[in-house]
Amino acid sequence: MKKEVLQDATPGKPAGKAERLLVGTNRAAIGVMMAVMFVLVFANVVTRYLFGVSIATTDEVSTFLMIWVTYLGAGLALREGRHAAIDLFQDFLSPGARRVFRAVLGVVILMFFAALAYYGVRFAIFGWSQETAVTQIPKGIPYLAIPAGAILFVVHLVTIFPRWIHRDWGTITGLEDEGWRQGEEKQ
Amino acid sequence: MTVILVGVFGLGLAVGLPVSITMGLSGLAAVLLDGRFPALVVPQYLYNGINSFPLMAIPFFILAAEIMTAAGMTATLLRFANDLVGHIRGGLGHVNVLVSMLFAGISGSALADAAGPSAIVMRMMKRAGYDAAYSGALSAATATIGPIIPPSILMVVYAISDSRVTVAGLFLAGVVPGIMLGVGLMAANHWISYKRGYVFRSERPALLEIIRSFWKAVPALLLPFIIIGGILGGIFTPTEAAAVACAYGLVVGLMVKPGLKLRDLPDVFVRSGVVTAAVLLIVSMASIFSWLLTILQIPQSIALAIGGVTTSPGLVLVIVAVFVLLCGLVIDTLPALIILVPVLGPLVDQFGLNPMHFAIMIVLNLTIGMITPPVGPVLFVISTIGRIRLETLSRAVVPLLIVELVVLALVIAFPALSTFVPEMFGLTH
């Protein structure tokens with residue numbers, strides 16, 4: 001199964017069904033968490049000024065959501081080439097050598113996140129018996145963001161490995177979108 | 001342990017491993033190979049580094065920027081800037097500077113800023129007939145303005161890492177130096193355009209047209225004032241202010257000046273989530289790295305070394321400036337800040353410096369380091385996006401770099417430039 005996905009993801013080819021499902025689910029999770037985070041914090045401001053009530057749990061829950069967004073979103077950021085790096089050295093290599101070199105780098109990154117997943121799980125188990133300050137849920141729940149994100153990162157990197165080797169995500173995209181293009185068209 | 005930590009870090013950066021992963025990897029390698037600490041300190045510090053409510057200002061600033069862009073509010077800023085200064089000689093160059101001032105770099109990464117708004121104006125400049133190298137150089141130079149002018153993610157992170165300063169104080173402290181940078185770059189752009197005979201300019205719009213584009217830009221222009229005013233007035237914390245800014249953007253975009261559709265919203269949230277992940281992963285990974293530096297007493301020995309050279313506060317500022325500039329040459333602004341603030345902070349107490357002045361100087365130094373040839377990372381990004389040879393770009397950026405160094409020298413020499421505005425509002429830190 002994994003092998004098929006890998007072949008589907010060669011540069012230029014559209015993603016396979018499994019890959020689209022993975023990316024779609026991942027994106028949906030991130031979006032929902034960001035939205036809930038925003039609603040919680042904003043609602044707290046509103047209730048404090050309109051009704052004089054502050055909900056103590058919102059700060060803690062929204063912070064946990066932020067931690068989950070960070071780790072669950074790291075793999076998606078990789079797909080979009082958003083993890084800033086200094087590519088100067090690689091630019092000096094010949095295209096062939098660069099691909100070999102990036103393959104090695106990719107394996108190093110996979111090993112790092114695999115290790116992070118292992119220690120992250122142990123950390124979450126360690127934290128399971130303790131309770132968080134306000135909501136009193138097991139601390140292991142927010143701790144779990146790190147290993148979950150690390151495993152997801154490994155899956156993302158494996159599925160886009162050929163693209164990673166070819167640096168196939170164009171340039172880092174910033175705030176480009178229709179709004180700016182309209183401004184540009186005006187020239 | 002020091003050798004492993006610093007060695008893996010240096011090697012990782014040099015071979016092009018992402019900055020965030022480099023810091024995490026060197027931290028993990030140091031902990032595992034040294035054996036003095038249990039391996040679980042690694043996930044513990046990765047977690048603690050981002051388990052912070054004040055830090056949540058960052059995702060909300062990013063979300064606010066995405067909402068503004070999706071609602072077309074960013075485009076109104078660009079149009080307003082173009083109507084205002086586009087008709088002057090070197091017009092689009094001025095637009096480039098002004099847009100960076102109005103839409104101050106929200107991402108906290110000089111690299112991402114260089115690839116974002118600056119890159120768009122760079123393409124517009126090239127199309128209008130400016131030579132590619134100058135367009136690129138100016139875009140690199142203007143990318144340094146964002147982090148100084150509020151609201152700035154770098155300032156939020158600085159205030160979280162150093163209890164000597166507050167977010168409100170730093171936001172206000174950046175106002176005058178940011179305007180000085182903008183005015184300085186515009187002056188340089190005017191002079192260069194005059195010297196090289198750049199005559200391209202857009203038509204001078206009628207006054208009514210300027211007023212109209214100003215009116216359209218008002219909602220976007222108000223945003224920073226809502227954020228800063230809310231924080232200063234003690235109405236909300238920086239995190240809440242950032243959330244209110246998002247709500248404001250949604251209300252304006254969906255109802256007041258409809259440019260945003262409900263079906264755009266999922267994408268806005270997803271995109272800001274992905275950007276947040278990239279930024280906060282750096283913060284998370286930097287915290288294990290910077291904790292190990294502290295354990296190894298590296299900050300203390302650097303501070304001791306700098307403090308031992310001289311007893312003059314003025315000289316210390318210059319030494320720190322050179323040191324920070326060199327750091328900016330090799331590492332992106334956000335991770336550099338997280339690593340350097342605990343290293344250099346103690347000097348403030350030792351020499352009786354003003355902490356806000358010190359902070360502005362460090363942030364300015366870092367961002368200028370990012371555009372210093374031949375190794376400044378922002379130059380790489382611009383050279384890649386604009387397909388400009390690094391050597392050509394490096395030469396073109398020199399006059400603009402000189403202007404920025406002059407501004408930096410003034411900011412270092414006259415603390416009042418940073419401290420005057422916050423003190424006007426009764427903030428001493």
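Residues numbered from 1 in each chain as written. Chains lettered and ligands numbered in written order. Predicted model: local features only at pLDDT ≥ 70, side-chain atom pairs only at ≥ 80, totals over all residues. Heavy atoms only, no water.

J.: What exactly am I supposed to notice about the overall build of chain B here?
T.: Secondary structure summary: chain B contains 22 helices and zero strands in total. Computed over the C-alpha atoms, the radius of gyration of chain B is 21 Å, within 12% of the 22 Å expected from 2.2 N^0.38 for a compact globule of 429 residues. Reported as C-alpha extents along the three principal axes, the dimensions of chain B are approximately 70 × 50 × 45 Å. Within chain B, counting contacts between residues at least 6 apart in sequence, those at least 24 apart form 78% of the total. Here chain B displays about 14,500 Å² of accessible surface, and carbon together with sulfur accounts for 70% of that area. In chain B, 20 positive and 16 negative side-chain charges are present, and the distance between their average locations comes to 12 Å. (Helix = DSSP H or I, 4+ residues; strand = E, 2+ residues; numbered from the N terminus. Rg over C-alpha atoms; globule rule 2.2 N^0.38 Å. Contact = heavy atoms within 4.5 Å. Areas by Shrake-Rupley, 256 points an atom, 1.4 Å probe, with all protein chains shown as cover. Lys, Arg positive; Asp, Glu negative; His and termini not counted. Charge placed at Lys NZ, Arg CZ, Asp CG, Glu CD.)

J.: Any chance you could explain the packing of helix 2 (residues 19-34) of chain B against helix 15 (residues 265-295) of chain B here in plain terms?
T.: Two quantities define a packed helix pair, namely the angle between the helix axes and the distance between the axes. Residues and elements named next belong to chain B. At their nearest, the axes of helix 2 and helix 15 sit 8 Å apart, and the two run at 35° to each other. Judged by the sense of rotation from one axis to the other, the crossing of helix 2 with helix 15 is left-handed. Each of Ser20, Met23, Gly24, Ser26, Gly27, Ala30 and Val31 in helix 2 lies in contact with helix 15, whose residues at this interface are Leu281, Ile282, Met285, Ala286, Ile288, Phe289 and Leu292. Here the residues of the contact of helix 2 with helix 15 are counted per class, giving 10 nonpolar, four polar and no charged. (Axes fitted to C-alpha atoms, helices over the stretch in contact; angles between N-to-C directions. Left-handed = near helix turned anticlockwise from the far one by under 90°. Nonpolar A, V, L, I, M, F, W, Y, C, P; charged D, E, K, R; others polar.)

J.: Explain the packing of helix 9 (residues 132-142) of chain B against helix 21 (residues 390-413) of chain B here, please?
T.: Residue and element names in this part refer to chain B. Close contact between helix 9 and helix 21 brings their axes to 8 Å; oriented N to C, the two are set at 40°. Classified by the angle between their axes, helix 9 and helix 21 sit oblique to one another. For the pair helix 9 and helix 21, the sense of crossing is right-handed. In contact with Ala133, Tyr134, Gly136, Ala137, Leu138 and Ala141 of helix 9, helix 21 contributes Thr392, Leu393, Ala396, Val397, Leu400 and Glu404. Of the residues that constitute the contact of helix 9 with helix 21, the class distribution is nine nonpolar, two polar and one charged. (Parallel < 35°, antiparallel > 145°, perpendicular 65-115°, else oblique.)

J.: Help me understand the interface of chain A and chain B, please; the structure alone is not making it clear to me.
T.: Bring the parts together and some accessible area is lost; that lost area is often taken as the interface size. Across the contact, 66 residues belong to chain A and 79 residues belong to chain B. Counting across the chain A and chain B interface gives two salt bridges. Across the pair Arg48(A) and Glu240(B) runs a salt bridge whose closest N-O atoms are separated by 2.9 Å. Where chain A touches chain B, the interface holds six residue pairs in polar contact (both at pLDDT 80 or more). Elements with a contribution of two residues or more to the side of chain A that touches chain B: helix 2 (17-51), helix 3 (56-79), helix 4 (88-92), helix 5 (95-127), helix 6 (140-143), helix 7 (145-159) and helix 9 (178-185) of chain A. Taken together, the residues of the side of chain A that touches chain B sort by class into 41 nonpolar, 14 polar and 11 charged. (Salt bridge = Lys/Arg side-chain N within 4 Å of Asp/Glu carboxyl O. Polar contact = N/O pair within 3.5 Å; in protein donor to acceptor, adjacent residues only side chain to side chain.)

J.: It is not clear to me how the layout of surface pockets should be interpreted in this structure. Could you clarify?
T.: Empty space left among the atoms is revealed by rolling a probe the size of a water molecule over them. Its boundaries defined by the atoms lining it, the second largest pocket holds a volume of some 490 Å³. Taken together, 23 residues line the second largest pocket, and the ones lying closest to its centre are Phe9(B), Leu13(B), Cys327(B), Val330(B) and Ile331(B). Elements with a minimum of two residues in the lining of the second largest pocket: helix 4 of chain A together with helix 1 (2-15), helix 15, helix 16 (298-309), helix 17 (313-330) and helix 18 (333-351) of chain B. If one sorts the elements of the lining of the second largest pocket by residue count, helix 1 of chain B sits on top with five residues. (1 Å grid on protein atoms, 1.4 Å probe; cavity = no way out; pocket = protein on both sides within 12 Å on 5 of 7 lines; lining within 4 Å. Points joined across faces, edges and corners; volume = space filled by probe spheres on them.)

J.: Help me understand the packing of aromatic side chains in this model?
T.: To describe a pair of aromatic rings, you give the distance between the ring centres and the angle between the ring planes. As enumerated under the stated definition, the model contains 14 aromatic pairs over all chains in all. Taken together, a centroid distance of 5.4 Å and an interplanar angle of 55° make the contact between Phe80(B) and Phe214(B) tilted. Separated by 134 residues along the polypeptide, Phe80(B) in helix 5 (residues 73-85) and Phe214(B) in helix 13 (residues 207-232) bring together distant segments of the chain. Grouping aromatic residues by their ring pairs yields a cluster made of Phe38(A), Phe42(A), Phe60(B) and Phe269(B). Just above the ring of Trp164(A) sits the side chain of Arg102(A); from NZ or CZ to the centre is 4.1 Å. (Phe/Tyr/Trp six-rings, centres within 6.5 Å; stacked < 30°, edge-to-face > 60°. Lys NZ or Arg CZ within 6 Å of the ring centre and 35° of its normal.)

Honestly, that's just the spatial picture; any functional story needs more than this.
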